[in-house]
Amino acid sequence: EELCKVEFDNVPMVFLHASGGILEKKKKICVDISKKSISLAMERLAELGHRRIAFITADPLNSNFKSRISEYKESVKRHGLNNDERFFCMITNVPSWYDAAREKVVKLCSFPDRPTAIVCAGRIFAYGAWQGIMDAGLKIPQDISIIGFDCEKIANPHLSTMVQPFYEMAQKAGELMLNSLDGRESCDNIFFNAFLDERGSSSKVPERK
């Protein structure tokens, strides 16, 4: 909001991961991922037979989380999934996203009709959720599948995750900035597609015992 004030009108700017809202109204240049990241994860799990998919996210005041929440809810409707409100887990005002995700997943796993898969809107949620599944005595992916977001490839455990093409996005942002400095400013936002990197933590829905 500060950077959208009139005194900054002549300052060249390119925003990363901030499309929509006031930036869209002020026609600021943004480089972001398309609104299809969580949707892709949900679609893949639906293909694998999952119908009870939980979602771990944070306060939607963050623009990225807001769009990912919308994707999850739309996907539940589109694929005819179980719409149990207990499966939608929002974390707010906590000192540790990791610990909060861990606690919520332990509770989710205690349900008789627990989810068969979990999608996380961020990497910290995913790491906490993984630990929560372990604490509950379940196996991944034999008992429950999990897909994270931007989880590092070198991290242990190896989480299936949605991946943003950070290098290409940063390169495009730099290119747009140089164009702006040269007087070749564009008003069109640039969107990149996230992709699912399956690393072994998601599989077909397990048969009910």
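So, here's what we can say about the structure.

As for the pattern of salt bridges
So, step 1. Per the counting criterion, the structure on display carries 10 salt bridges.
So, step 2. Between D135 and R102 there is a salt bridge, with its nearest N and O atoms 2.6 Å apart. Highlighted residues: D135 in helix α5 (residues 123-135) and R102 in helix α4 (residues 97-109), separated in sequence by 33 residues.
So, step 3. Residue classification places R102 among the partly exposed positions, given a relative accessible area of 29%.

Side note on the packing of aromatic side chains
Aromatic ring pairs are described here by two measures, namely the spacing of the ring centres and the angle between the planes.
So, step 1. Evaluated as defined, the whole model comprises six aromatic pairs.
So, step 2. Ring plane angle 10° and centroid distance 4.7 Å describe the contact between F55 and Y72, whose orientation is recorded as stacked. Remark: Y72 occurs in helix α3 (residues 63-78) and F55 occurs in strand β3 (residues 53-58); sequence separation between them is 17 residues. Y72 matches F55 in its accessibility class, with the two residues each being buried.

Here we look at the sheet that holds strand β2 (residues 30-33)
So, step 1. Judged by pairing direction, the sheet is parallel, and its three strands sit side by side in the order β1-β2-β8 without closing on themselves. Where the open sheet ends on each side, the last strands, each with one partner, are β1 (15-16) and β8 (190-192).
So, step 2. Judged from the two bridges that link them, β1 and β2 form a sheet pairing that is parallel. The residue of β2 that forms the bridge with L16 is V31.
So, step 3. Strands β1, β2 and β8 of the sheet are contacted by helix α6 (residues 166-181), whose axis makes an angle of about 165° with β2.

Digging into the packing of α4 against α5
So, step 1. Look at α4 against α5: their axes get within 7 Å of each other, and the N-to-C directions meet at 40°. As far as their axial angle goes, α5 and α4 are oblique. Classified by chirality, the crossing of α5 by α4 is right-handed. Residues W97, Y98, A101, R102, V105, V106 and C109 of α4 lie in contact with α5, whose contacting residues are I124, F125, Y127, G128, A129, Q131, G132, I133 and D135.
So, step 2. Looking at the contact of α4 with α5 residue by residue, the class counts come to 11 nonpolar, three polar and two charged.

What about the sheet that holds strand β4 (residues 88-91)?
So, step 1. Pairing within the open sheet is mixed, and its six strands lie in the order β4-β3-β5-β6-β7-β9. Since the sheet does not close on itself, it has two edges, and those belong to β4 and β9 (195-197), each with one partner. Here the average twist between neighbouring strands, direction ignored, is 20°.
So, step 2. The pairing of strand β7 (residues 160-163) with β9 spans three bridges and is classified as antiparallel. Looking at β9, one finds that V163 is bridged to F195.
So, step 3. Lying on the sheet, helix α2 (residues 37-47) is in contact with β3, β5 (117-120), β6 (145-149), β7 and β9; it crosses β5 at an angle near 170°.
So, step 4. Against the sheet, α4 engages β3, β4 and β5, with an angle of about 155° to β4.

With respect to the nonpolar core
So, step 1. Ranked by size, the top nonpolar core spans 55 residues in total, and within it I56, I118, F125, I133 and I146 carry the most contacts.
So, step 2. For this core, the element with the most residues is α5, which contributes six residues.
So, step 3. Excluding residues within four positions of it along the chain, I146 makes contact with I118, C120, A126, A129, W130, I133, I140, L159, S160, S201 and S202.
So, step 4. Core analysis: the second largest hydrophobic core is formed by five residues, C4, M13, F15 and L23 among them.

Some details on α4
For an α-helix, the turn length of 3.6 residues means that residues three or four places apart are oriented alike.
So, step 1. Compared with the 18 Å implied by 1.5 Å per residue over 13 residues, the 18 Å span of α4 between its first and last C-alpha is a close match.
So, step 2. Within the sequence span of α4, burial applies to A100, A101, V105, L108 and C109. Projection of α4 onto a plane perpendicular to its axis shows the buried side chains occupying an angular sector of 160°, all on one side. Opposite the buried face of α4, by more than 90 degrees, sit the exposed residues E103 and K107.
So, step 3. On the buried face of α4, the contacting elements are β3, β4, β5 and α5.

Conventions we followed
Residues numbered from 1 in each chain as written. Predicted model: local features only at pLDDT ≥ 70, side-chain atom pairs only at ≥ 80, totals over all residues. Heavy atoms only, no water. Salt bridge = Lys/Arg side-chain N within 4 Å of Asp/Glu carboxyl O. Helix = DSSP H or I, 4+ residues; strand = E, 2+ residues; numbered from the N terminus. Buried < 20%, exposed > 50% of the residue type's maximum accessible area, 1.4 Å probe, protein only. Phe/Tyr/Trp six-rings, centres within 6.5 Å; stacked < 30°, edge-to-face > 60°. Pairing = 2+ DSSP bridges. Contact = heavy atoms within 4.5 Å. Axes fitted to C-alpha atoms, helices over the stretch in contact; angles between N-to-C directions. Parallel < 35°, antiparallel > 145°, perpendicular 65-115°, else oblique. Left-handed = near helix turned anticlockwise from the far one by under 90°. Nonpolar A, V, L, I, M, F, W, Y, C, P; charged D, E, K, R; others polar. Core = buried A, V, L, I, M, F, W, Y, C linked by side-chain atoms within 4.5 Å. Expected span 1.5 Å × (residues − 1). Arc of directions from axis to C-beta.

By themselves, these figures tell us nothing about what the structure is for.
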